[in-house]
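Coordinates in review
As a plain string of letters, each chain reads:
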Amino acid sequence: MATTNVRRAAANRSRAYPSPSAISKCILGFVLFSWVGCLYLMSSFIGCSQQNDLLATSDLQVPSTISISNDATEPIQSTCQAEYNRIVSQQTPGLTPQDLLRSRAWIGNQYRLERLMDKLSSREHPVVAVVAGGSISGGHGLAYPDQHRYSNRLEHWMNEMYPLRQESASNQDSKQLQQMHKVFNFASHGADICSMAKRLNIMYSDLASKLPLSSNEPDLIILEFAVNDYEGQDHLHGIKYQASVFFDGFMDITLCSEVVIHSLLKRYKNTAIVFLEMQTAVLSRKTGALLHMGVATHYQIPVISYAETLFQIFNELVRKLERIDPISYSFLPSELVFSKDNNVTTSALFPYPHGCSPCQPQHILNTFRAGGCKSICTFVERSNIVKDRKLKCKDIQSGRRECFVPYLAPDAVHPSAAGHGIVMDLLVHALASAQRSSCEGEGTLYKSELPMTTFVAKTATELEVRSDFLVVHDVARIFSRWDQLKPVGDPEGFTRYADDSLKQRPGWIATDPSGGNKISFPIDLPPNECYVIYVAILKSYTGMGTMMIEVRDYGDKKRNSMPPKHSTRKKVDGLWKSPISVWNDVQITDDNVAGCTGYCEVDITTDPTVSGRDGNKVKILTVSARRCSKGHH
């Protein structure tokens, strides 16, 4: 095949022709975790090249395939770079080499990405990618998610750039996947990395039925949890209060990240895994990128950063607008000097997509379209960082314009259609760069194995146990399968509803100041085994109460009319000092004691309001069970 011949020729002549790419090195000192005792260095070795900016992100049409010559006399630079240029040809106008350089926050081990591109280039078998993330990956707010969501764009790109040879796919592959590369989207509103850690078995089961017969593992897994792995999960205010970096749940989220990566690498020996780090325009809101980076460096997982690509210049744009108009962050029409002949990419103060551009309401879901795009002024106001003056975001002086950035539209969190296009561009750039390095004879020589030590987990056994949840009962759907959290009998004083301002985070809630509210949930698993029970509750810094949680073990459901074999009681407090309101998993029974051996019931009783507190809320979100570690093999 032409592509294979080019790669071989390139490898044979790698000494004769130096790499055409200029190599840029960026070594950034990372954070010294005093309680971990590790210093992480981020290193990036990235090839920069001239980018083709032919098409806007709103246009999903891809240019016709460009064939590569297999002429042995053709220089490596032209053939390898030509293929790179071909497959990035639908890139967003205005993205610069520096933007793409920043996007590769951690290169990691590229071996699996290179093999993924080899498989795509061969066009012999369907490539399967998986997206696991929150509402960003779900395409929240998009009018046409099936067209504009980055996962759909990526699938479209694979099939346009690398269509399968009609004669190559087996009949079974053809029947299952219609001879198409596929991207399966497991995104769910509010999902975070801990949600995934508890539901890995569910995901493995669902995914097994979707894979083509030619493969028993996906080729690529994209993890998009940065926004939800920190303040994005806040049930109370979201951004009104500033959370400390190392809040009480910091270690739990980091451990969840390690559990997920360790489990995926053990199960899927050849699958490429990447972290996709998003960010919001709420400037005071932290994300989980810091947590993920430590795990990524330890396990050599590539990190692709939308945040680094866009939000450095976003901050510069805010500062520039602040100097021009500190009250409404507006600008004059005369400053629309970039690409002024093209309405889609017209931009002020900075070139597209980094400057102020006209709102594109046609791409916003009808439900939110009336509210239009949100302005920089609105983002700054909601960030609660301006203390010395009153902003007037809707009181724009005559003759001036609000500033909208093209990659955000209905809110500060979810990317617009253009934003999803940029996400796809960054993923494609990472894939194309891996292929170019391999073509030029500079590919990765080895596949990274599991490290000999853990990151934050005490042992590898802890990681294996924490990825082996057998049942997860939820108040809301997370990922594909939903095992609903239903009580035994009628609860006393508990009601299922969403108490957050957006009405998106339901739970079983009790608030009676006198306490005494009761609710019970069943766990029904095969008898004569040892199981550990967890209850996920809302933890916050205000208005929370205490509760007594009791696990009554009957062993077998037929015995639940008899006294329990064993009972475990634990006092749990919903209040903590960290100024953040997020769910927190509480382990109720121990690994070394058989607290649940089959059928058990989890009883929750609220206490009276603790003296000095301003509320007595108890909110239950999940009841789950895994195997005990002492019996884990």
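Scroll up a little and you will see the structure.
Right, let's walk through the structure included here.

Calculation rules
Residues numbered from 1 in each chain as written. Predicted model: local features only at pLDDT ≥ 70, side-chain atom pairs only at ≥ 80, totals over all residues. Heavy atoms only, no water. Axes fitted to C-alpha atoms, helices over the stretch in contact; angles between N-to-C directions. Helix = DSSP H or I, 4+ residues; strand = E, 2+ residues; numbered from the N terminus. Left-handed = near helix turned anticlockwise from the far one by under 90°. Contact = heavy atoms within 4.5 Å. Nonpolar A, V, L, I, M, F, W, Y, C, P; charged D, E, K, R; others polar. Core = buried A, V, L, I, M, F, W, Y, C linked by side-chain atoms within 4.5 Å. Buried < 20%, exposed > 50% of the residue type's maximum accessible area, 1.4 Å probe, protein only. Disulfide = S-S within 2.5 Å. Parallel < 35°, antiparallel > 145°, perpendicular 65-115°, else oblique. Salt bridge = Lys/Arg side-chain N within 4 Å of Asp/Glu carboxyl O. Polar contact = N/O pair within 3.5 Å; in protein donor to acceptor, adjacent residues only side chain to side chain. Pairing = 2+ DSSP bridges.

**Some thoughts on the packing of helix 11 (residues 250-267) against helix 12 (residues 289-299)**
- Taken N-terminus to C-terminus, the directions of helix 11 and helix 12 make an angle of 35°; their axes are 9 Å apart at the nearest point. Handedness of the helix 11/helix 12 crossing: right-handed. Each of Phe 250, Ile 253, Thr 254, Ser 257, Glu 258, Ile 261, His 262 and Leu 265 in helix 11 lies in contact with helix 12, whose residues at this interface are Leu 290, Leu 291, His 292, Val 295 and Tyr 299.
- Of the residues contributing to the contact of helix 11 with helix 12, the split by class is eight nonpolar, four polar and one charged.

**Details of the nonpolar core**
- Membership of the largest hydrophobic core comes to 83 residues, with the highest contact counts inside it found for Met 196, Leu 223, Leu 264, Ile 523 and Ile 620.
- By residue number, the principal contributor to this core is helix 11, which donates nine residues.
- Ile 620 has contacts with Val 475, Leu 485, Phe 494, Gly 507, Trp 508, Phe 521, Val 535, Ala 536, Ile 537, Met 547 and Ile 604, leaving out every residue within four places of it along the chain.
- The next biggest cluster of nonpolar side chains, apart from the first, holds 66 residues, and it includes Tyr 84, Ile 136, Leu 154 and Leu 317.

**Quick look at the state of the cysteines**
- In this structure the tally under the stated criterion is seven disulfides.
- Disulfide partner of Cys 80: Cys 439, at an S-S distance of 2.0 Å. Measuring the twist about the S-S bond at about -75°, one finds the Cys 80-Cys 439 disulfide to be left-handed. Of this pair, Cys 80 sits in helix 2 (residues 76-87) while Cys 439 sits in helix 16 (residues 417-439), placing them 359 residues apart in sequence.
- Classification of Cys 80 by relative accessible area gives buried; the value is 2%.
- Linked covalently through their sulfurs, Cys 194 and Cys 256 form a disulfide whose S-S length is 2.2 Å. Measuring the twist about the S-S bond at about 100°, one finds the Cys 194-Cys 256 disulfide to be right-handed. Taken together, the positions of Cys 194 in helix 9 (residues 193-198) and Cys 256 in helix 11 put the pair 62 residues apart, joining distant regions of the chain. Accessibility assignment for this pair places Cys 194 and Cys 256 in one class, buried.

**Re helix 10 (residues 200-208)**
- Buried within helix 10 are the following residues: Leu 200, Ile 202, Met 203, Tyr 204, Asp 206 and Leu 207.
- Tucked into the core, helix 10 has its buried residues touching strand 4 (128-133), strand 5 (182-185), helix 9 and helix 11.

**Examining the packing of helix 7 (residues 150-161) against helix 16**
- For the pair helix 7 and helix 16, the least separation of the axes is 8 Å and the interaxial angle reads 45°. When the interaxial angle is binned, helix 7 and helix 16 end up oblique. Relative to helix 16, helix 7 is oriented so that their crossing is right-handed. Residue-level inspection shows Tyr 150, Arg 153, Leu 154 and Trp 157 of helix 7 in contact with helix 16, the latter providing Ala 417, His 420, Gly 421, Val 423, Met 424, Leu 427, Val 428 and Leu 431.
- Taken together, the residues that form the contact of helix 7 with helix 16 break down as nine nonpolar, two polar and one charged.

**Describing the pattern of salt bridges**
- Counted by the stated rule, this structure contains 24 salt bridges.
- Of the charged contacts in the structure, one is a salt bridge between Arg 466 and Glu 462, with a shortest N-O distance of 3.3 Å. Of the two residues, Arg 466 and Glu 462 are both situated in helix 17 (residues 460-466); the distance of four residues between them amounts to about one turn of the helix.
- Under the relative-accessibility criterion, Arg 466 is labelled partly exposed at 24%.
- Across the pair Arg 613 and Asp 573 runs a salt bridge, and its minimum N-O distance is 2.6 Å. Linking Arg 613 in the loop between strand 17 (599-606) and strand 18 (618-627) with Asp 573 in strand 15 (residues 566-573), this pair joins segments that are 40 residues apart in sequence.
- Here Arg 613 falls in the partly exposed class, since its relative accessible area comes to 22%.

**A word on the side chain of Thr 597**
- With respect to the helices and strands, the residue Thr 597 is situated in the loop between strand 16 (582-587) and strand 17.
- Among the polar contacts made by the side chain of Thr 597, one reaches the side chain of Asp 553 at a distance of 2.9 Å.
- A polar side-chain atom of Thr 597 sits 3.2 Å from a polar atom in the side chain of Lys 565.
- When neighbours within four sequence positions are excluded, Thr 597 is seen to be in contact with Pro 526, Pro 527, Asn 528, Glu 529, Tyr 531, Asp 553, Gly 555 and Lys 565.

**Quick look at the sheet that holds strand 7 (residues 272-277)**
- Taken in spatial order, the six strands make up an open sheet running 3-8-7-6-4-5, and their pairing is mixed. The open sheet terminates on both sides in strands that have one partner only, identified here as strand 3 (104-106) and strand 5. Strand-to-strand, the axes of this sheet are offset by a mean angle of 25°, without reference to chain direction.
- Where strand 7 meets strand 8 (residues 303-305), three bridges bridge the pair, whose relative direction is parallel. The residue of strand 8 that forms the bridge with Glu 277 is Ser 305.

Bear in mind that shape data such as this cannot, by itself, settle questions of function.
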